[in-house]
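Summary of the model geometry
Residues per chain, in single letters:
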Amino acid sequence: MVKKIIFSLGIIAIMAACKKGPGEGGRAFIKGKVYVKNYTAPPGPFTLQDEYYAQGENVYIIYGDEAGVGKSVKTSYDGSYQFEYLRKGKYVVYALSDDTSSTINSKTVEIKQIVEIKNATETLTLPDIEIVK
């Protein structure tokens, strides 16, 4: 009887450990593009100088409620990025942008998109992440 209880508890523990949340190991994808807007720097008013899809820009993903970055990728020549082989769950995708509300040129902010993969084979195409440089 005791062996059956221990065996049953072991099976329950294994089954609970098999339930996996957001992260790598699935068949879903998240993809998008990063778009840059260049403005003149202060003093004076901000004036748009140039805009383009960003090549070589870092894009980050956070899996679920994790505290740190799960992975980062660089954008391709056309500003595109892709996170592959993801499981169902919630994700935060972001890129860093200059903070136009700050007079300190080195301050950055995260431009985030919060998404959820609901289907195991889903491909989510996100709206452009617009950043300022």
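It should be emphasised that the depicted structure is a prediction, and the values quoted were computed from it without experimental measurement. (Residues numbered from 1 in each chain as written. Predicted model: local features only at pLDDT ≥ 70, side-chain atom pairs only at ≥ 80, totals over all residues. Heavy atoms only, no water.)

1. Some remarks on the overall build of the chain
Across its full length, the chain holds one helix and nine strands. Reading the helices (α) and strands (β) of the chain from amino to carboxyl end gives α-β-β-β-β-β-β-β-β-β. A burial count over the chain gives 31% of its 133 residues as buried. Considering only intrachain contacts with a sequence separation of at least 6, the fraction spanning at least 24 residues in the chain is 59%. Taken as a whole, the chain presents about 8,700 Å² of accessible surface, with 55% of it coming from carbon and sulfur. (Helix = DSSP H or I, 4+ residues; strand = E, 2+ residues; numbered from the N terminus. Buried < 20%, exposed > 50% of the residue type's maximum accessible area, 1.4 Å probe, protein only. Contact = heavy atoms within 4.5 Å. Areas by Shrake-Rupley, 256 points an atom, 1.4 Å probe, with all protein chains shown as cover.)

2. So, the nonpolar core
Ranked by size, the top nonpolar core spans 21 residues in total, and within it I30, Y81 and V93 carry the most contacts. Those elements giving two or more residues to this core turn out to be β1 (24-39), β3 (58-63), β5 (80-86), β6 (89-98), β7 (108-117) and β9 (129-132). Considering every element that reaches this core, the biggest residue donor is β1, with four residues. (Core = buried A, V, L, I, M, F, W, Y, C linked by side-chain atoms within 4.5 Å.)

3. Side note on unusual backbone geometry
Notably, Y85 is not glycine yet its phi reads approximately 55 degrees, a positive angle. As for its placement among the helices and strands, Y85 is situated in strand β5. Look at Y85 and you get partly exposed, because its relative accessible area is 48%.

4. Considering the side chain of D99
Turning to its location among the elements, D99 is positioned in the loop between β6 and β7. Judged by its relative accessible area of 14%, D99 is buried. When sequence neighbours within four positions are dropped, the list of residues in contact with D99 reads K107, T108 and V109.

5. Let's talk about the sheet that holds β6
Read across the sheet, four strands follow the order β4-β3-β6-β7 without closing on themselves; strand pairing throughout is antiparallel. Each of the sheet's edge strands pairs with one partner strand only, and the pair in question is β4 (71-74) and β7. Within this sheet the neighbouring strands show an average axis-to-axis angle of 25 degrees, counted without direction. As paired strands, β3 and β4 are joined by four bridges and run antiparallel to one another. Bridge pairing links V59 to V73 in β4. (Pairing = 2+ DSSP bridges. Axes fitted to C-alpha atoms, helices over the stretch in contact; angles between N-to-C directions.)

In short, shape yes, function no, at least from these values alone.
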